[in-house]
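For reference, the chains in residue letters:
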Amino acid sequence: MREMIEPEGAPDEARGEAARDEAAVSRFVERFAADLAEAGMQRMAARVFAALLVSDSGALTSAELAERLRISPAAVSGAIRYLSQVDMVVREREPGSRRDRYRLYNEVWYETLTRRDQVVARWESTMRDGAKVLGPGTPAGLRITETADFFEFVQRELPKMLQRWRDQQAERRAAEARAAEAG
């Protein structure tokens, strides 16, 4: 089971977020959301994801998202539905409340790339079938074969890259622990 980003204490979060330049944060959210939308994510989902990403706790209610982004609750709902379907956020109930909070998964990018590997495997298989249908000697068949070869390469290299990321993170955490013990 994937871990979720744990919320920080409310007083610390309030101090951290209160000390920020909200206009600059808003510009960053919109810029990153535009980058995500340009890469193919739904625009509103990209905005909601970026807003969750910049919150200290990594979790916000629908009302908080609507207020921060100046959007309707219906727009939040649609964006959350999409983000939930692609496993980028999880819905959870606030303790003692009837309100839902939407939380990012811990290591959301790692998890997203891991799932993307499964999609790439399907694409490669489809491309291999397409190359047979088109004929391996035709210009289209060659182009499709090259695409399948690329997807095969990505599948072979992505796990190595993700493991290097895990190793790098473990080294960073170990260095931070050593620094904390020494300091």
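Residues numbered from 1 in each chain as written. Predicted model: local features only at pLDDT ≥ 70, side-chain atom pairs only at ≥ 80, totals over all residues. Heavy atoms only, no water.

Draft legend 1. Main features of the confidence of the model for the chain. Summarising the model, the chain shows a mean pLDDT of 87, and 90% of its residues fall at 70 or more. Taken together, the stretch residues 1-14 has pLDDT below 50 and engages in 26 contacts with residues farther than four places along the chain or on a different chain. (pLDDT = per-residue confidence, 0-100. Contact = heavy atoms within 4.5 Å.)

Draft legend 2. Representation of the pattern of salt bridges. Evaluated as defined, the whole model comprises 12 salt bridges. Between Glu64 and Arg101 there is a salt bridge, and its shortest N-O distance comes to 3.8 Å. With Glu64 in helix H4 (residues 62-69) and Arg101 in strand S3 (residues 100-104), the pair connects residues that are 37 residues apart, well separated along the chain. Residue classification places Glu64 among the partly exposed residues on the basis of a relative accessible area of 29%. Arg101 sits in the buried class, given a relative accessible area of 15%. One salt bridge in this structure joins Arg93 and Asp100, with 3.5 Å as the shortest N-O distance. It is possible to trace a salt-bridge network through shared partners that takes in Glu124, Arg128, Asp149 and Glu152. (Salt bridge = Lys/Arg side-chain N within 4 Å of Asp/Glu carboxyl O. Helix = DSSP H or I, 4+ residues; strand = E, 2+ residues; numbered from the N terminus. Buried < 20%, exposed > 50% of the residue type's maximum accessible area, 1.4 Å probe, protein only.)

Draft legend 3. Just unusual backbone geometry, in detail. Here the phi dihedral of Arg70 falls at roughly 55°; this positive angle occurs in a residue that is not glycine. Relative to the helices and strands, Arg70 is located in the loop between H4 and helix H5 (73-85). One non-glycine residue, Asp87, lies in the positive phi region at around 55°. For Asp87, a relative accessible area of 26% gives the class partly exposed.

Draft legend 4. Local environment of the pairing of S3. The buried count for S3 comes to four of five residues, which makes it a mostly enclosed element. Note that strand S2 (residues 89-93) and S3 share five bridges and pair antiparallel. Bridging across to S3, Arg91 finds its partner in Tyr102. Remark: six residues form the turn of the hairpin made by S2 and S3, two consecutive strands paired antiparallel; Gly96 in that turn has positive phi of roughly 75°. (Pairing = 2+ DSSP bridges.)

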